[in-house]
Amino acid sequence: MIAVKAYYDGHAFIPLEKRLFKNRQSAIIVVDEEKTVTEKKSCRGIASQYANPALVEQENEVASMAFSGAE
């Protein structure tokens, strides 16, 4: 079993870490009712100095679709 930090975007849980999962892999989700993830709005990594923060939400939507298998 592995633990992965994630946030809920209103439709799906989005991992904050890059991990490879099998299609339809089962998971147990534990929700921390006292904390809200705010770092989803920030740009991270080596390319963050070139990133456009206004596009973070759009990128999260694309990542969400990629994780869910939707097109």
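Going by the structure above, here's the rest.
Residues numbered from 1 in each chain as written. Predicted model: local features only at pLDDT ≥ 70, side-chain atom pairs only at ≥ 80, totals over all residues. Heavy atoms only, no water.

J.: Explain the packing of aromatic side chains to me, please; I cannot follow it from the model alone.
T.: Aromatic ring pairs are reported here in terms of the distance separating the ring centres and the angle at which the planes meet. Tallied over the entire structure, the rule returns 1 aromatic pair. For the ring pair Tyr8 and Phe13, a centre distance of 5.0 Å and an interplane angle of 50° mean the geometry is tilted. Taking relative accessible area as the criterion, Tyr8 reaches 45% and is therefore assigned partly exposed. (Phe/Tyr/Trp six-rings, centres within 6.5 Å; stacked < 30°, edge-to-face > 60°. Buried < 20%, exposed > 50% of the residue type's maximum accessible area, 1.4 Å probe, protein only.)

J.: It is not clear to me how unusual backbone geometry should be interpreted in this structure. Could you clarify?
T.: Excluding glycine, residues mostly carry a negative phi; peptide bonds, for their part, are mostly trans. Not every positive phi belongs to a glycine, and Arg24 is a case in point at roughly 65°. Following the sequence through the fold, Arg24 ends up in the loop between β2 (13-15) and α1 (56-68). Residue classification places Arg24 among the exposed residues on the basis of a relative accessible area of 79%. (Helix = DSSP H or I, 4+ residues; strand = E, 2+ residues; numbered from the N terminus.)

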